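Here are the chains, one letter per residue:
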There are 2 protein chains.
Amino acid sequence: MRKSIATVSVSGSLTEKLEAVARAGFDAVEIFENDLLGCPLSPEQIRERAESLGLGIDLYQPFRDFEAVSPGRLADNLRRAEHKFRVMKRLGTDMMLVCSNVSPGAVDDDALAAEQLRLLAERAADHGIRIAYEALAWGRHVDTYLHAWRIVRMADHPNLGTCLDSFHILSRGSDPGGIEAIPGDKIFFLQLADAPLLAMDVLQWSRHYRCFPGQGGFDLAGLLAHVLRTGYAGPLSLEIFNDSFRQADTGRTAVDAMRSLIALEESVAQVLGTGSPLPRPVQPDGFAFAELATRDHKRLGRLLGALGFARTGQHETKPVELWEQGLARILIDRLHPESPTDTSLVAIGLESPDPALSAERAKALLSPVLPRHRAPGEAPLEAVAAPDGTELFFCDAGRPAWREDFDAVTPPVGHIGRIDHVALSHPWDQFDEAALFYRSVLGLRPHESVEVADPYGLLRSRAMSNAAGTLRLALNIAHVGARGLPGQHIALADDDIVATARRLRALPDDVLLPIPDNYYDDLRARFDLGEERHRELRELGLMYDRDDDGGGEFLHLYTVTVGRVFFEIVQRVGGYRGFGMANTPVRLAAQHASAPAAPAPDR
Amino acid sequence: MRKSIATVSVSGSLTEKLEAVARAGFDAVEIFENDLLGCPLSPEQIRERAESLGLGIDLYQPFRDFEAVSPGRLADNLRRAEHKFRVMKRLGTDMMLVCSNVSPGAVDDDALAAEQLRLLAERAADHGIRIAYEALAWGRHVDTYLHAWRIVRMADHPNLGTCLDSFHILSRGSDPGGIEAIPGDKIFFLQLADAPLLAMDVLQWSRHYRCFPGQGGFDLAGLLAHVLRTGYAGPLSLEIFNDSFRQADTGRTAVDAMRSLIALEESVAQVLGTGSPLPRPVQPDGFAFAELATRDHKRLGRLLGALGFARTGQHETKPVELWEQGLARILIDRLHPESPTDTSLVAIGLESPDPALSAERAKALLSPVLPRHRAPGEAPLEAVAAPDGTELFFCDAGRPAWREDFDAVTPPVGHIGRIDHVALSHPWDQFDEAALFYRSVLGLRPHESVEVADPYGLLRSRAMSNAAGTLRLALNIAHVGARGLPGQHIALADDDIVATARRLRALPDDVLLPIPDNYYDDLRARFDLGEERHRELRELGLMYDRDDDGGGEFLHLYTVTVGRVFFEIVQRVGGYRGFGMANTPVRLAAQHASAPAAPAPDR
């Protein structure tokens, strides 16, 4: 399907926009009027630039407040239209978007609206131009797509059709099933936008919160299926007004946009029962490893040693150490001691039932494929870059061939058995992009997005998991405008956290984050744990949570932070599926309090 | 009146919060539970810390989902309450906020709610504690203040009263007049919050968009007058959930908060007809001067010279030049050529009918008073710092005594006669603070806040003006999360902008910002100007706007940017009162386009 995007959807000058969307693989653009007005190039030069980039200009938009007006106003509006037609001819585009009139002076008279739109279509026809009439959700009298279609049908001119916009349809709660009553050749254009489900003024919702398909709460595949069943053969065009996208990196947003359309094509193929355009999703089963880079490998090694890990191997050709305990595997990249980079998580190994297929799908969804400089004898690993730059390796499940590169000894067996989850951190404006990436590329299920109070701002967090619940990622997002990022962490599953905590508390070094005593006073109020249990938790500095239905229980504790990274040790009892988020504000405050001298990690 | 603030309203650790609010002059705090839980200090230590800072702890909050529950749940809730009472005793506070139950399991039975609250009050009385029951706007069954009051009256216990929260009352559109039916001694606590008038889910509105009194759209003075008429003598306490305040500088937010309460006291005195606690507002009449600091005074001088200004004087003791044309006066501070500071606006002189009174009021509203290192013979000028750091000087109107320090010659007379307006720029999170400052300190009237599309993000802008319309400021706010700031500019009033533009276009140097030709194609569609007028505007690069009612007209143009500053030349015809905002997106795009090599000023 032809893929298009409105220039308003990305940041930059018009030429920057054209270059970025062409590079991301779009076939065409809608030129948003303001982008033209601020451009130093003439319409002819813009047309040439687009042509040289292989981009069509499929729509010029928007033309406002045209129809259902007094005769005097009509003359003025036709004069305005003639000016736009001239600009469109110079741009080389033959379709103009007309939005339903929002002015308080608009007349509530469908016949008048149809008559005036017919007149506009006649004038347009003289220039070889077609008019796509769209109902804005906040139109004065015409605010549903079926109403706009009735007027188009009444006007009955070959150069007049309707434009459907998923936001205007779904934000109003209209049933998109009615689309199938419209002949496909009278749907002149299709604009696609998703949005989070918010209870707010629809105009503000539309102007600030639209996002790419798959990033919000609308069923765009369902809507698109209705449109395609009409025989519509025009472009799928993204028209997104989003405060973040307006200022984010142009190229990055364009790729995010294209990924959303590729994933939507797959979803609609499922709805329609047609062949999928993509390699099928392969959900990873679990974590093969987590890889940290550090200039202070001794400190990190001491911390892992205290947690019961052993250094089981050293990479044959690279300065990388393997640390293991049971099936929990941590790689440590030894950076030069003078490296400016602080300790951070740089890669995750994902156990995949079919690593080659995983990589193929990731590539089809525009994930940057990472070059592997393989030394002789090294196991080949497919790797792509996640949105935050973390490298994702697709590894064989169960049979870690890559481990042979480390000439590793048998790992020790302790209470820690595997990686429970990994928390990645993202800048505030990459929240939607990251969620779409993990959903589409890895086939993970997004959980609800939650807000967490940090002493220096409000963080957002969203968990992603596979269907079996054996692989969990937490995407943490810095508060809006933050200069830094929240910490990254690796959570390790423990089968006897009380024993582990007791052992760690007895060590001479402080390896655990101190938890304020006030937390335990409050815990007593939150849960009726019994005096002995409560005393044990307090003494060991263990945090506690319980499912709302009282079913599963969660015990967890945190290590001190090294660079940007810390470890969490968790024990899930009785099928607890959460992440102990109720305790996160206290943990964040404790982390700030225990690092008063250092700059707060997420200020 | 006693002034208090909830610790959730500002950023930081609990001790940072206590110190900042004490420094800003608050008498007391509400301790928000999460702030206690994350604090490494014991309740006794927090109490000591507050006492040593002269702060009372007037409220502990919130206690949730207590009333109208099953007997089993009640027992559990009473157990929870006993824990909280013990913490409160240790904190030394005797008032607990109980919010109306929001749980889906709450029973819709006022008698049951009253009976259970009475039980809670009895238990509280044993500890010398009082319960303030508050209706949340999203309470399950109790969501209006009069409903909460009916239940309190029904429960009839001396240790049970009601807590009023302006947000919960006004966001629901409740008539605050009903407050006067509540005996003052049964209003145990008053929480004050303003908010912008948004059409959105009330819970999200409350959790993210509350702001300090005078920064939103609610009539807080009217509400407070009703409360005071009951005889209420408790604290005015701010409880603000605001995403910006959560991450802003703690001390700065605390001062902003206190300023809002001082201004509110003045407003309520007006409503009640009692004596004002503040020196009366003195609106400035106009601009005495604008002062720029630059390390390239020659370039700036050349630009001013081209605009028709002459260097009329040199300060007797400082490296400051005076440039004048008519009554438009620009001071140039000559920075060292190696100074790291780019050319920027550093001060504004405001003509005040009573400079001493202006300064006195500014001081009473916590504006930092600037020390004046007066050289012998220099005219004394009162000065305070505005939120963006700009120095505001209060000057005698009409008779600029300070000009004598420059030994200045007679200024030239040209088409430019005075400063029309000055546009200041602020970081995105100081929008509300700046508007409140100019409204309260200078008595200016805030105009509507508008959003403007910049190629790299969405800016906000808000004009402030005096009643006579002779002094206008534009507060421009960078897009959320922007690293830099939008440009500052000085707009100069011209009585024949066509002549000025013709002269400037003829100069060999490019002093004017080039406007894209596409703007003029569109202008022809927007307005029926006639061919000759249109050609003149296009040739001279003049921008054009007209009032919606067709009355006033506005002609304007922009100079190139020097450092962070540029000049605008404007001509208002027929009483045009706006700022040509319709043209701002094109101007911003042109500014980005004309400085492609430099880092974009507001990315």
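Residues take numbers from 1 onward in each chain, read along the sequence in its written order. Here every chain gets a letter starting at A, and every ligand a number starting at 1, in the order they are written. Given that the model is predicted, a residue must reach a pLDDT of at least 70 before its local features are reported, and side-chain atom pairs must reach 80 or more before they are shown or counted; all residues, however, enter totals for whole chains, interfaces and linings. Excluded from the side-chain calculation are hydrogens and water; included are all heavy atoms of the structure.

Here the focus is the UniProt feature "binding site: a divalent metal cation" (unreviewed entry) in chain A. Residues and elements named next belong to chain A. UniProt positions are given in the numbering used here, feature names are shortened, and annotations may be inferred rather than shown by experiment. When the UniProt feature table is mapped onto this chain numbering, "binding site: a divalent metal cation" (unreviewed entry) sits at E134, D165, Q191 and E239. In terms of the greatest pairwise C-alpha distance, the residues named above, spread along 106 residues, form a tight cluster of at most 13.1 Å across. Strands are runs of DSSP state E lasting at least 2 residues, helices are runs of H or I lasting at least 4, and numbering of each runs from the N terminus. By secondary structure assignment, the location of D165 is in strand 6 (residues 160-165). Residue contacts follow a heavy-atom distance rule, with two residues in contact if any of their heavy atoms lie within 4.5 Å. Setting aside anything within four residues of it in sequence, one finds D165 in contact with E134, Q191, R210 and E239. Inspection of the secondary structure assignment puts E239 in the loop between strand 8 (236-238) and helix 10 (250-272). The classification of residues rests on relative accessible area computed with a 1.4 Å probe and restricted to protein chains. Under 20% of the type maximum is buried, over 50% is exposed, and intermediate values are partly exposed. For E239, a relative accessible area of 4% translates into the label buried. Filtering out sequence-adjacent residues up to four positions away, E239 remains in contact with A6, V8, S9, E30, Q61, D165, Q191, L192, A193 and R210.

Once that is clear, we can look at the interface of chain A and chain B. How big an interface is tends to be stated in terms of accessible area lost as the parts join. The partner chain B presents 55 residues to the 55 residues of chain A that form the contact. The buried area of a pairing is the accessible area, by a 1.4 Å probe, that goes missing from both parts when the two are put together, added over both. For the chain A and chain B pair, buried surface summed over both sides reaches about 4200 Å², with 51% attributable to carbon and sulfur atoms. For the chain A face of the interface with chain B, the top three residues by lost area are L37, Q247 and N518 of chain A, together amounting to 15%. The term salt bridge refers to a pairing of a side-chain nitrogen on Lys or Arg with a carboxyl oxygen on Asp or Glu at a separation within 4 Å. Remark: the boundary between chain A and chain B carries four salt bridges. Of the charged contacts in the structure, one is a salt bridge between D522 of chain B and K84 of chain A, with a shortest N-O distance of 2.7 Å. Among the elements that make up the side of chain A that touches chain B, the one with the highest residue count is helix 15 (residues 517-526) of chain A (seven residues). Three residue categories are used. Nonpolar comprises Ala, Val, Leu, Ile, Met, Phe, Trp, Tyr, Cys and Pro, charged comprises Asp, Glu, Lys and Arg, and polar comprises the others, including Gly. Split by residue class, the side of chain A that touches chain B holds 26 nonpolar, 13 polar and 16 charged.

Bringing the domain arrangement of chain A into the picture now. Residues and elements named next belong to chain A. Taken as a whole, chain A is organised into domain 1 (3-272) and domain 2 (286-594). Here domain 1 and domain 2 have C-alpha centroids that lie 44 Å from each other. Each partner contributes residues to the interface: domain 1 has 17 residues there, and domain 2 has 16 residues. Contact between domain 1 and domain 2 buries roughly 1400 Å² in total, counting both sides, with carbon and sulfur atoms accounting for 52%. Ranking the residues of domain 1 by area buried against domain 2 places Q215, R252 and R259 at the top, with a combined share of 43%. If you look at where domain 1 meets domain 2, you find two salt bridges. A salt bridge links E266 to R361, with the nearest nitrogen and oxygen atoms 2.7 Å apart. Note that the domain bounds were set by an automatic or database domain assignment.

Mapping chain A onto chain B calls for a rotation angle of 180° and an axial translation of 0.0 Å; the resulting RMSD is 0.0 Å. On the angle and the small slide along the axis, the relation comes out as a two-fold axis. Interface overlap between copies is the fraction of interface residues in one copy that are interface residues in the other; for chain A against chain B it reaches 98%, indicating a shared surface. What sets the superposition is a least-squares fit of C-alpha atoms, and only residues with pLDDT of at least 70 in both copies go into it.

Any two rings among Phe, Tyr and Trp, with Trp reduced to its six-membered ring, count as a pair given centres within 6.5 Å; such a pair is stacked if its planes are under 30 degrees apart, edge-to-face if over 60, and tilted if neither. Across all of its chains, the model carries 28 aromatic pairs over all chains by this definition. Look at F167 of chain A and W205 of chain A: their rings are 5.2 Å apart centre to centre, the planes differ by 75°, and that puts the pair in the edge-to-face class. Remark: W205 of chain A occurs in helix 8 (residues 202-209) and F167 of chain A occurs in helix 7 (residues 166-170); sequence separation between them is 38 residues. Given the relative accessible area of 6%, W205 of chain A is considered buried. Note on Y519 of chain A and Y520 of chain A: the rings are 4.9 Å apart at their centroids and 85° apart in plane angle, and the pair reads as edge-to-face. For Y519 of chain A, a relative accessible area of 1% corresponds to the buried category. Looking at Y520 of chain A, the relative accessible area reads 1%, which means it is buried. Working rule: Lys NZ or Arg CZ, within 6 Å of ring centre, within 35 degrees of ring normal, means a charge sits over the ring. Over the ring of F431 of chain A we find R460 of chain A; its NZ or CZ atom is 4.0 Å from the centre of that ring. One Lys or Arg, R572 of chain B, reaches over the ring of F579 of chain B and ends 5.8 Å from the middle of that ring.

What follows covers unusual backbone geometry. Residues and elements named next belong to chain A. The amide bond that connects Q61 to the next residue, P62, takes the cis arrangement and shows omega of -10°. One non-glycine residue, A68, adopts positive backbone phi at about 60°. With respect to the helices, strands and loops of the structure, A68 is situated in the loop between strand 3 (56-63) and helix 4 (71-91). For A68, a relative accessible area of 5% puts it in the buried group.

Let us now look at the side chain of H489 of chain B. Mapped onto the secondary structure, H489 of chain B falls in strand 20 (residues 488-494). Setting aside its immediate chain neighbours within four residues, H489 of chain B contacts H421, V422, A423, F566, E568 and R587 of chain B.

With that settled, the discussion passes to the sheet that holds strand 21 (residues 543-546) of chain A. Residue and element names in this part refer to chain A. Note on pairing: DSSP must find at least two bridges between two strands before they are called paired. Across the sheet, eight strands lie side by side as 17-18-19-16-20-23-22-21; this open sheet has mixed pairing. A single partner strand is all that each edge strand has here, and the edge strands are strand 17 (445-454) and strand 21. Put simply, the sheet's adjacent strands are angled 25° from each other on average, direction ignored. Where strand 18 (residues 457-465) and strand 19 (residues 472-477) come together, six bridges link them in antiparallel fashion. Considered in strand 19, the bridge of R462 is made with L475. Interaxial angles span 0 to 180 degrees and are taken between N-to-C directions of axes, which are lines fitted to C-alpha atoms, for helices over the stretch in contact. Across the sheet, helix 14 (residues 497-505) touches strand 20 (488-494), strand 22 (553-558) and strand 23 (565-573), and the angle it forms with strand 23 is around 145°.

The criterion is simple. A nonpolar core is a set of buried Ala, Val, Leu, Ile, Met, Phe, Trp, Tyr and Cys residues joined through side-chain atoms within 4.5 Å. If you look at the biggest cluster of nonpolar residues, it comprises 316 residues, and the most contacted ones within it are Y438 of chain A together with Y438 of chain B. Every residue in contact with Y438 of chain B, bar those within four places of it in the chain, is listed here: A386, P387, D388, L392, L424, G443, L444, M464, L473 and L475 of chain B.

The next subject is the sheet that holds strand 9 (residues 286-294) of chain B. Residue and element names in this part refer to chain B. Spatial ordering of the open sheet is given by 10-11-12-9-13-15-14, a layout of seven strands whose pairing is mixed. Each having just a single partner strand, strand 10 (310-314) and strand 14 (382-385) make up the two edges of the open sheet. Neighbour-to-neighbour, the strand axes of this sheet turn through a mean angle of 25°, independent of strand direction. Across five bridges, the pairing between strand 9 and strand 12 (residues 328-334) is parallel. Within strand 12, the residue paired with L292 across the bridge is I332. The strands touched by helix 11 (residues 297-306) are strand 9, strand 11 (320-325) and strand 12; relative to strand 12, the strand with the most contacts, the crossing angle is about 165°.

Quick look at the pairing of strand 2 (residues 28-32) of chain A now. Residue and element names in this part refer to chain A. Burial runs high along strand 2: five of the five residues are buried. Judged by which residues are buried, strand 2 turns out to be covered on both faces: A28, E30 and F32 on one side and V29 and I31 on the other are all buried. Here strand 1 (residues 3-6) pairs with strand 2 via three bridges, running parallel. Note that in strand 2 the partner of I5 across the bridge is V29. Handedness of the crossover is the feature at issue here: the chain leaves strand 1, passes through helix 1 (residues 14-23), returns alongside strand 2, and the resulting connection is right-handed. Taken together, the five bridges between strand 2 and strand 3 define a ladder with parallel strand orientation. Across the sheet, residue F32 finds its bridge partner in strand 3, namely Q61. For a crossover, the right-handed case is the one in which the path from the first strand over the helix to the second runs clockwise, viewed with the strands pointing away from the viewer.

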